[in-house]
Amino acid sequence: MKKKNQTLGEFIIENQESFQYSSGELSRLINSIRLAAKVVNHEVNKAGLVDITGSAGEENIQGEQQQKLDVYANETFIQTLINREIVCGIASEENDNYITIQGQNEKHNNKYVVLMDPLDGSSNIDVNVSVGTIFSIYRRVTPEGAPVEMEDFLQPGNQQVAAGYIIYGTSTMLVYTTGCGVNGFTLNPAIGTYYLSHPNMQFPENGNIYSINEGNYVHFPQGVKDYIKYCQAEEGERPYTSRYIGSLVSDFHRNMIKGGIYMYPKSSKANNGKLRLLYECNPMAFIAEQAGGKASDGFQRILDIQPSELHERAPFFCGSKNMVEKAEEFMQATEAKL
Ligand code: P6P
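Residues numbered from 1 in each chain as written. Predicted model: local features only at pLDDT ≥ 70, side-chain atom pairs only at ≥ 80, totals over all residues. Heavy atoms only, no water.

By the naming in an unreviewed UniProt entry, the chain is Fructose-1,6-bisphosphatase class 1, taken from Psychroflexus salis. Here the chain is described in UniProt, under the heading Subcellular location (unreviewed entry), as follows: "Cytoplasm". (UniProt positions renumbered as here; feature names shortened; annotations may be inferred.)

S.K.: Where do I start with the packing of helix α2 (residues 25-45) against helix α3 (residues 68-84) in this structure?
M.R.: Helix-helix packing is described using two parameters, namely the angle between the two axes and the distance between the axes. Here α2 crosses α3 at 150°, and the two axes come no closer than 9 Å. When the axis of α2 is compared with that of α3, the two are roughly antiparallel. With respect to the hand of their crossing, α2 and α3 are arranged in right-handed fashion. Judged by residue contacts, Arg28, Leu29, Asn31, Ser32, Ile33, Leu35, Ala36, Ala37, Val39, Val40, Glu43 and Val44 of α2 engage Leu69, Tyr72, Ala73, Thr76, Phe77, Thr80, Leu81 and Arg84 from α3. (Axes fitted to C-alpha atoms, helices over the stretch in contact; angles between N-to-C directions. Helix = DSSP H or I, 4+ residues; strand = E, 2+ residues; numbered from the N terminus. Parallel < 35°, antiparallel > 145°, perpendicular 65-115°, else oblique. Left-handed = near helix turned anticlockwise from the far one by under 90°. Contact = heavy atoms within 4.5 Å.)

S.K.: What's the story with the side chain of Gln155 in this structure? I'm lost.
M.R.: Relative to the assigned elements, Gln155 resides in the loop between α4 (149-153) and β7 (162-168). Looking at Gln155, the relative accessible area reads 6%, which means it is buried. Aside from chain neighbours lying at most four places away, what touches Gln155 is Tyr138, Arg139, Arg140, Val141, Met150, Leu278, Asn282 and Pro307. (Buried < 20%, exposed > 50% of the residue type's maximum accessible area, 1.4 Å probe, protein only.)

S.K.: What is the right way to read the packing of helix α6 (residues 248-258) against helix α7 (residues 277-290) from this model?
M.R.: Where α6 meets α7, the closest approach of the two axes is 12 Å, and the angle between their N-to-C directions is 10°. With respect to α7, the axis of α6 lies roughly parallel. The interaxial crossing formed by α6 with α7 has right-handed handedness. Contacts between α6 and α7 involve Leu248, Val249, Phe252 and Met256 on the former and, on the latter, Glu280, Met284, Ile287 and Ala288. Here the residues of the contact of α6 with α7 sort into 7 nonpolar, no polar and 1 charged. (Nonpolar A, V, L, I, M, F, W, Y, C, P; charged D, E, K, R; others polar.)

S.K.: Whenever I open this one, the UniProt feature "binding site: Mg(2+) 1" (unreviewed entry) in the chain confuses me. Can you help?
M.R.: UniProt tags Glu93, Asp117 and Leu119 as "binding site: Mg(2+) 1" (unreviewed entry). What stands out for the annotated residues spanning 27 residues is how close their C-alpha atoms remain, the widest pair being 8.9 Å apart. Within the secondary structure layout, Asp117 lies in strand β5 (residues 112-120). If we ignore the near neighbours within four places in the chain, the residues touching Asp117 are Glu93, Gly132, Thr133, Ile134, Tyr279 and Glu280. Position of Leu119 among the secondary structure elements: in strand β5.

S.K.: Just to check I follow, could you spell out the pairing of β5 for this structure?
M.R.: Each regular strand displays side chains that alternate between the two surfaces of the sheet. By the criterion of burial, β5 is predominantly enclosed, with 9 of the 9 residues buried. Two strands pair when backbone bridges link them, and strand β3 (residues 87-92) and β5 are joined in this way by 5 bridges, in the parallel orientation. By the bridge assignment for β5, Ser92 is matched with Met116. With 7 bridges connecting them, β5 and strand β6 (residues 131-139) associate as antiparallel partners. Within β6, the position partnered with Asp120 by the bridge is Gly132. (Pairing = 2+ DSSP bridges.)

S.K.: Would you mind showing me how to read the UniProt feature "domain: Fructose-1-6-bisphosphatase class 1 C-terminal" (unreviewed entry) in the chain here?
M.R.: As annotated by UniProt and renumbered to match this structure, "domain: Fructose-1-6-bisphosphatase class 1 C-terminal" (unreviewed entry) occupies residues 204-332. Strand forms 12% of residues 204-332 and helix 37%; the C-alpha atoms that close the span are 24 Å apart.

S.K.: I'm lost on the site of the ligand in this one. Help?
M.R.: The environment of the ligand is made up of Asp120, Gly121, Asn213, Tyr244, Gly246, Ser247, Leu248, Tyr262, Tyr264, Lys274, Leu275 and Glu280. Contacts to the ligand include Asn213, whose side-chain N or O atom sits 2.9 Å from an oxygen atom. Across the shell around the ligand, the residue classes tally to 5 nonpolar, 4 polar and 3 charged. (Near = heavy atom within 4 Å. Polar contact = N/O pair within 3.5 Å; in protein donor to acceptor, adjacent residues only side chain to side chain.)

Here's what the structure looks like:
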């Protein structure tokens, strides 16, 4: 029974035994993410006051100007995880290559790897729009030694042991799953404690919100164009409402609470869309499915995609089950015609 206002610490302890292979390490890992999120939240909330929102002058693998807050968030999560000696490897959107971590005894014998987008939507920082951190956790596959990219990092999303996000919004929330449903915790910044505010979060099966950057309309596949017109047609519950914040975590979080679909499809400008499979699509897909929602690339389940590169992209349709299935119908109808 999930008690409202239980703290995140109490929740982790109480649900420890439900973690598969519960050894306490996964709990300590979630706790270290909780701590790092508090530190990053503090900086995000005062970003406008200090010279930390300006570009750091470097570019990340996406070719995007790294905002100083991106760099700060990346370093905070990485250092916190290293200090706690819980993971043997970390991959981040902000780092071209993954990082391996030795334990005290010079061995890489910690059992988890973490993949993350330390500050997603960071281009919104200087316009004061919500941003988020996204994380994905796997058990390593290789038995010992330094983790290996193919076996330990390039695992399909269906192998995740935990995933979550922190949304730095009107309030700061940590939402995560370990495969036993989705729970949301709201931070009380006055005392630095997260409280269980959204127990057992569920994606409504239907919704009337669609989230997509319609500025790319002319570049979309015909199936996406047809689905957008379907959303806009006067019929039954439609037209749906268009809501697009430009921050995946924010659009996803609103849709999970109200019902809706988020889409970042492929286009003639980006033949695999924009979102990164390993540390954006997979964790959000795991959360979506655990909350009764659905996530696909328009044709196959996101979590079943076998990754081939650390920073590969995937088209992304995610949210209320019936809305994603309707979008898939339009995608597959035109694919069938090809
Ligand atoms: P566009 C932010 O950069 C992000 O990765 C997601 O958080 C967001 O939904 C999307 O890209 C916005 O991309 O091309 O619509 O500006």
